Amino acid sequence: MPTNKRARTSTRPSENLYPERLKYFEARQDALVKTIREFVEVESPSDNKPASDRIGALLAARFEAAGGRVAIHRAEEYADNIQVDFPGHDGSKPVLLLGHFDTVYPLGTLASMPCQLTDGRLHGPGVLDMKSGIALMLSAIQALKDWHKGLPRPVTVFLVSDEEVGSSSSRQITEALARKSAAVLVLEPAAGTRGAVKTARKGVGDYTLTIKGVAAHAGLDPGKGHSAILELARQIAVISKFNDLRHGISVNPGVIRGGTRTNVVAAEAVAEIDVRIKSAKQAAGLDRKMRALKSFDKRCKLSIEGGINRLPMERNAGVAALYKKAQEIARQIDWQLEEAAVGGGSDGNFTAGIGIPTLDGMGGVGEGAHALHEHIIISELPRRALLLAGMIENA
Ligand SMILES: [Zn+2]
């Protein structure tokens, strides 16, 4: 057992403690996999409150059994958000462990995409993004309690129900909890199969462009129509010029719809547009451009809704300092922990955005988030748990 006097009295464990700790987690790997499987097998699409509330209840029970005090934040549209507070030996500020239990998979996906173990990988909907991350929290908390006879410092766990759909019900709580915390560790998947943590994320937004044209019979009165579809096509050509990949700005009209029949000049057309920015200062400029779109056909009316939802998580001094601590911990077991900047947003964008040191991508290692082949690499789990436990002590 890696419990010793030094571990209990110091937050900076001695050099030779971490290999011992790795063995501790290796010995418990099967139990961790069992927990992850249990979480994956309760499906939890963001938009299905009853289903997602079921896993919320399961998680609340598991974290309560681990010694936490559970507070349920009721939500109307999405599942209730779950906060769990763990007391610590000292009165220092807590570390916030941030995760989400909603997934992008509709109810019933398990039938065609079962949770199964093959070649050292555990497959299943949401296994990587991010039910393994939630199980890692439990594992690290349990380990710290074993080693220290209780947690060395307070820990707050916040499990969000609507991260995959913009976090409208949870964002304010996430930010309020982050403000009270010394640091935020986000258990989103690691970047790539080498397990890099995420020290920068792009900002994310979405816009809906709606065009109202004038309908007409395509055969009898084509001249009287003002096609919303034609107007949309022209607008998309304009919008595509907002892309500036060199500076990290990307704009993608990912969904379009419009018109009713081939013999009717379309009265309405809509585009849903995903935008990404690299730095917060790009937000206003891009927003201005989107709102300044002017119709080519004066009889077509444009309206634009939406905006930047998550500002970028920028690699500021607080983020860099957390990464350095994580690297030091990893080095104890001869692990060169890498960092990555990624295009996707997470709730870490919110906490970093209000200036709280945040390290993201602390969760499982694998591939295929949101895809049919989503899986985690099981042999990576012990050192992820070790890293998380070490960061709870040292962040
Ligand atoms: Zn996620």
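As shown above, the structure is provided for reference.
Let me begin by describing the structure that accompanies this report. As the structure is a computational prediction, the values presented were derived from the model and not from experiment.

### Considering the overall build of the protein
Thinking step 1. Each helix and strand counted, the protein has 12 helices and 18 strands in total.
Thinking step 2. Its C-alpha atoms give the protein a radius of gyration of 24 Å, near enough to 21 Å, the size a compact globule of 395 residues would have.
Thinking step 3. Counting only C-alpha atoms, the protein reaches 90 × 45 × 40 Å along its principal axes.
Thinking step 4. The long-range share in the protein, meaning contacts at least 24 apart out of those at least 6 apart in sequence, stands at 79%.
Thinking step 5. Total accessible area computed for the protein in this model is approximately 17200 Å², and 52% of it derives from carbon and sulfur atoms.
Thinking step 6. Charged side chains of the protein number 51 positive and 45 negative; the gap between the two group centres comes to 5 Å.

### Details of the nonpolar core
Buried together is how nonpolar side chains tend to be arranged in soluble globular proteins.
Thinking step 1. Core analysis: the biggest nonpolar cluster contains 66 residues, and Phe 63, Leu 97, Val 157 and Met 391 have the highest contact counts within it.
Thinking step 2. If you tally residues by element for this core, the top one is helix 6 (residues 127-148), at 13 residues.
Thinking step 3. Sequence-distant contacts of Phe 63, defined by excluding residues within four places in its chain, comprise Gly 68, Val 84, Phe 86, Ile 134, Met 137, Leu 138, Ile 141, Val 157 and Leu 159.
Thinking step 4. Counting residues in hydrophobic clusters, the runner-up holds 20 residues, among them Tyr 207, Val 275, Leu 286 and Leu 293.

### A short note on the coordination of the zinc ion
Thinking step 1. Here the zinc ion is held by the protein donor atoms His 100 (NE2), Asp 129 (OD), Glu 188 (OE) and Glu 188 (OE), which lie 1.9 to 2.5 Å from it.
Thinking step 2. One can describe the site at the zinc ion as irregular: its four donor atoms subtend angles covering 54 to 138° at the metal.
Thinking step 3. In terms of primary sequence, the donors binding the zinc ion are separated according to H-x28-D-x58-E. Here His 100, found in strand 3 (residues 95-100), pairs with Asp 129, found in helix 6; they are 29 residues apart in sequence, far enough to count as distant. Side by side, His 100 and Asp 129 carry an identical accessibility label, which is buried.

### Section: the pattern of salt bridges
Thinking step 1. Counted under the stated rule, the structure contains 18 salt bridges.
Thinking step 2. A salt bridge links Asp 80 to Arg 74; the nearest nitrogen and oxygen atoms lie 2.6 Å apart.
Thinking step 3. Here Arg 74 falls in the exposed class, since its relative accessible area comes to 68%.
Thinking step 4. Connected via shared salt-bridge partners are Lys 49, Asp 53, Arg 74 and Asp 80.

### Focus: the environment of Lys 149
Thinking step 1. By the element assignment, Lys 149 lies in the loop between helix 6 and strand 6 (155-160).
Thinking step 2. What makes Lys 149 exposed here is its relative accessible area of 59%.
Thinking step 3. Separated by 60 residues in sequence, Lys 149 and His 89 place their C-alpha atoms 9.2 Å apart.

### Comments concerning the packing of aromatic side chains
Thinking step 1. One pass over the structure, following the stated rule, counts three aromatic pairs.
Thinking step 2. Plain terms: the ring middles of Phe 25 and Trp 147 are 5.6 Å apart, the flat faces sit at 75° to each other, and that makes the pair edge-to-face. Within this pair, whereas Phe 25 is found in helix 2 (residues 17-27), its partner Trp 147 is found in helix 6, the two being separated by 122 residues in sequence.
Thinking step 3. When its relative accessible area of 4% is taken as the criterion, Phe 25 is described as buried.
Thinking step 4. One aromatic cluster is present, formed by Tyr 24, Phe 25 and Trp 147 through successive ring pairs.
Thinking step 5. One Lys or Arg, Arg 21, reaches over the ring of Tyr 18 and ends 5.1 Å from the middle of that ring.

### Concerning the side chain of Thr 358
Thinking step 1. Note that Thr 358 resides in strand 16 (residues 358-359).
Thinking step 2. Judged by its relative accessible area of 0%, Thr 358 is buried.
Thinking step 3. There is a polar contact of 3.4 Å between the side chain of Thr 358 and the backbone nitrogen of Ala 352.
Thinking step 4. Looking at Thr 358, its side chain comes within polar contact range of the main-chain oxygen of Ile 356, at 2.7 Å.
Thinking step 5. With sequence-adjacent residues up to four places away left out, Thr 358 is seen in contact with Val 184, Val 186, Met 313, Val 319, Leu 322, Gly 348, Thr 351 and Ala 352.

### Considering the pairing of strand 13 (residues 268-277)
Thinking step 1. Where strand 9 (residues 203-212) and strand 13 come together, 10 bridges link them in antiparallel fashion. Paired with Gly 205 across the bridge in strand 13 is Val 275.
Thinking step 2. Sheet analysis places strand 11 (residues 250-258) next to strand 13, joined by eight bridges and oriented antiparallel. Across the sheet, Val 251 pairs through a bridge with Val 275, a residue of strand 13.

Procedures and definitions
Residues numbered from 1 in each chain as written. Predicted model: local features only at pLDDT ≥ 70, side-chain atom pairs only at ≥ 80, totals over all residues. Heavy atoms only, no water. Helix = DSSP H or I, 4+ residues; strand = E, 2+ residues; numbered from the N terminus. Rg over C-alpha atoms; globule rule 2.2 N^0.38 Å. Contact = heavy atoms within 4.5 Å. Areas by Shrake-Rupley, 256 points an atom, 1.4 Å probe, with all protein chains shown as cover. Lys, Arg positive; Asp, Glu negative; His and termini not counted. Charge placed at Lys NZ, Arg CZ, Asp CG, Glu CD. Core = buried A, V, L, I, M, F, W, Y, C linked by side-chain atoms within 4.5 Å. Buried < 20%, exposed > 50% of the residue type's maximum accessible area, 1.4 Å probe, protein only. Donors = N, O, S within 2.8 Å, 3.2 Å for Na, K, Ca; no water. Tetrahedral: all angles 85-135°; square planar, octahedral: opposite > 155°, others 65-115°. Salt bridge = Lys/Arg side-chain N within 4 Å of Asp/Glu carboxyl O. Phe/Tyr/Trp six-rings, centres within 6.5 Å; stacked < 30°, edge-to-face > 60°. Lys NZ or Arg CZ within 6 Å of the ring centre and 35° of its normal. Polar contact = N/O pair within 3.5 Å; in protein donor to acceptor, adjacent residues only side chain to side chain. Pairing = 2+ DSSP bridges.

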